[in-house]
Amino acid sequence: MTTTLNRDFKEIRSRIQSAHRILITSHVRPDGDAVGSTLAFGLALQEAGKDVQMVLADGVPRALRHLKNSEKIQKKPSGVFDLIVVVDCSGLDRVGTALDEYPKPDLNIDHHITNLNFAHINLVESTTPSTAEMLARYLPQWGLEISQIVAEALLTGIITDTLGFRTSNVQPQTLRTAAALMELDVDMPKLYTKALHERSFEAVRYWGAGLNHIEMENQIIWTTLSNADREASNYPGKDDADLVSLLASVDGAVVAVIFIEQPNGMIKVSWRARPGYDTSKIAAQFDGGGHKAASGATIEGALDDVKKQVITATQMLTQ
Ligand code: 5GP
Ligand code: MN
């Protein structure tokens, strides 16, 4: 596990205490941990009297807009800050346009194994299943209170990054942290259902397009979602509606890959793997990154060409 030095930890506390204007941001195409960590840290700082801007370059996805105060998250920052914090994000290229006009971030809190230590202080724990779990542990140590609304955001981050407490990196500590957050009057089953179970009719129709042409070879399962598939199903996002998790559940498949054509001509690729397989290395070959069990990259090229290259590279894991 990578942990920061104690010296850095004290420095983080004092920087938080002395800062007045604080910017919190996270990665593009934000997931539950990115939104939950941004919101939790931002709201805890606001409750402590700080002037905070919470920014996600791509905004909050529809499936997470039930989180209280999520409408406070902006797409762009404005003004100057005396503390810039990036959460749940492994590299500066992953914040999108959020920090275009700003200097190197002061603080990065993250759990990606591929983290590039891009801020002045980097608190990176690659064995902790979510950034939200790190924050649940550290916010009180930095003098910040975990209110009911903060707890709701943190628990959402923990639930989503662990796929409902079932990823292989879940520890007893994860469940204890979740239980402590639940005790702050948080409706865990409701958050779980909202974040992981409910999906739109359009999303399932979009899945149908992808499921129509799944392929499997050498324990690797994959499919594609084209711009035409997305238009035909009326699906509003540019992601895979988490179809990759369904592929990863198939018996005999140890690695799942999905290729999602983007309107700008790029191909978004997501990998998921069973324990024992490290997809982050393959993603890194294509300038992406992530975790062993879940990683991604955005690659330039035609859908069929990218698919061939990526499947060939991914086969290294199973041959
Ligand atoms: P997803 O495939 O669902 O977008 O992401 C899976 C994991 O890989 C997440 O932890 C995400 O942050 C990371 N990830 C996805 N795409 C990229 C990328 O282009 N670069 C890096 N460094 N990480 C990525
Ligand atoms: Mn995360």
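Above this text you will find the structure in question.
Residues numbered from 1 in each chain as written. Chains lettered and ligands numbered in written order. Predicted model: local features only at pLDDT ≥ 70, side-chain atom pairs only at ≥ 80, totals over all residues. Heavy atoms only, no water.

(A) Inspection of the overall build of the protein chain at higher detail. The number of helices and strands found in the protein chain is eleven helices and eleven strands. Against the globule reference of 20 Å for 319 residues, the protein chain gives a C-alpha radius of gyration of 19 Å, in line with a compact fold. Its C-alpha atoms give the protein chain principal-axis dimensions of about 55 × 40 × 35 Å. When the 319 residues of the protein chain are sorted by exposure, 54% land in the buried category. For the protein chain, contacts bridging at least 24 residues in sequence account for 63% of all contacts bridging at least 6. Accessible area for the protein chain stands at about 14,500 Å²; split by element, carbon and sulfur atoms hold 50% of it. Placing the 31 positive and 39 negative side-chain charges of the protein chain at their respective mean positions leaves the two points 2 Å apart. (Helix = DSSP H or I, 4+ residues; strand = E, 2+ residues; numbered from the N terminus. Rg over C-alpha atoms; globule rule 2.2 N^0.38 Å. Buried < 20%, exposed > 50% of the residue type's maximum accessible area, 1.4 Å probe, protein only. Contact = heavy atoms within 4.5 Å. Areas by Shrake-Rupley, 256 points an atom, 1.4 Å probe, with all protein chains shown as cover. Lys, Arg positive; Asp, Glu negative; His and termini not counted. Charge placed at Lys NZ, Arg CZ, Asp CG, Glu CD.)

(B) Molecular detail of the coordination of the manganese ion (ligand 2). At 2.2 to 2.3 Å from the manganese ion (ligand 2) lie its protein donor atoms, namely Asp33 (OD), Asp88 (OD), His111 (NE2) and Asp161 (OD). Donor residues for the manganese ion (ligand 2) sit on one chain with the sequence pattern D-x54-D-x22-H-x49-D. Of the two residues, histidine 111 sits in the loop between β4 (107-110) and β5 (121-124) while aspartate 161 sits in helix α4 (residues 148-161), which places them 50 residues apart along the sequence. As far as the burial class goes, histidine 111 and aspartate 161 line up, both buried. (Donors = N, O, S within 2.8 Å, 3.2 Å for Na, K, Ca; no water.)

(C) Structural context of the sheet that holds β4. Here we have five strands laid out as an open sheet, ordered β2-β1-β3-β4-β5, and parallel in their pairing. Each having just a single partner strand, β2 (51-55) and β5 make up the two edges of the open sheet. Strand after strand, the sheet turns through a mean of 15° between neighbouring axes, direction not considered. Here β4 runs beside β5; their pairing, made up of four bridges, is parallel. Residue aspartate 110 lies in a different strand from β5, and its bridge partner there is valine 124. On the sheet, helix α1 (residues 6-18) packs against β3 (83-87), β4 and β5 and is oriented at approximately 115° with respect to β5. Those strands touched by helix α2 (residues 32-47) are β1 (21-25), β2, β3 and β4, and its axis lies near 170° from that of β2. (Pairing = 2+ DSSP bridges. Axes fitted to C-alpha atoms, helices over the stretch in contact; angles between N-to-C directions.)

(D) Local environment of the pattern of salt bridges. Per the counting criterion, the structure on display carries seven salt bridges. Here arginine 137 ties to glutamate 133 by a salt bridge, and the two come within 4.0 Å at their closest N and O atoms. Linking arginine 137 with glutamate 133, this pair stays in helix α3 (residues 131-138), spanning four residues, or about one helical turn. Owing to a relative accessible area of 3%, glutamate 133 belongs among the buried residues under this scheme. Here glutamate 215 ties to lysine 307 by a salt bridge, and the two come within 3.5 Å at their closest N and O atoms. Separated by 92 residues along the polypeptide, glutamate 215 in strand β6 (residues 215-217) and lysine 307 in helix α11 (residues 303-314) bring together distant segments of the chain. Owing to a relative accessible area of 38%, glutamate 215 belongs among the partly exposed residues under this scheme. (Salt bridge = Lys/Arg side-chain N within 4 Å of Asp/Glu carboxyl O.)

(E) Main features of the site of ligand 1. Close contacts around ligand 1 come from 14 residues, with Arg94, His112, Lys268, Ser270 and Arg272 the closest. At a separation of 2.6 Å, an oxygen atom of ligand 1 approaches a polar side-chain atom of arginine 272. Considered on its own, ligand 1 offers 490 Å² of accessible surface; in the complex 84% of this is hidden by protein. Listed by contribution, the elements that provide at least two residues to the shell around ligand 1 are β9 (266-273), β10 (289-290) and β11 (294-300). Per-element accounting of the shell around ligand 1 gives the leading share, four residues, to β11. A class-by-class count of the residues in the shell around ligand 1 yields two nonpolar, nine polar and three charged. Looking at which domains feed residues into the shell around ligand 1, each of domain 1 (3-196) and domain 2 (201-318) gives three or more. (Near = heavy atom within 4 Å. Polar contact = N/O pair within 3.5 Å; in protein donor to acceptor, adjacent residues only side chain to side chain. Nonpolar A, V, L, I, M, F, W, Y, C, P; charged D, E, K, R; others polar. Domains from an automatic or database assignment.)

(F) A look at the nonpolar core. Phe41, Val85, Ile109, Leu139, Trp142 and Leu154 are the most contacted members of the largest nonpolar core, which has 48 residues in total. With 20 residues, the next largest nonpolar core counts Val257, Trp271, Ala273 and Val306 among its residues. (Core = buried A, V, L, I, M, F, W, Y, C linked by side-chain atoms within 4.5 Å.)

Without other data, these values stay purely geometric and don't point to any function.
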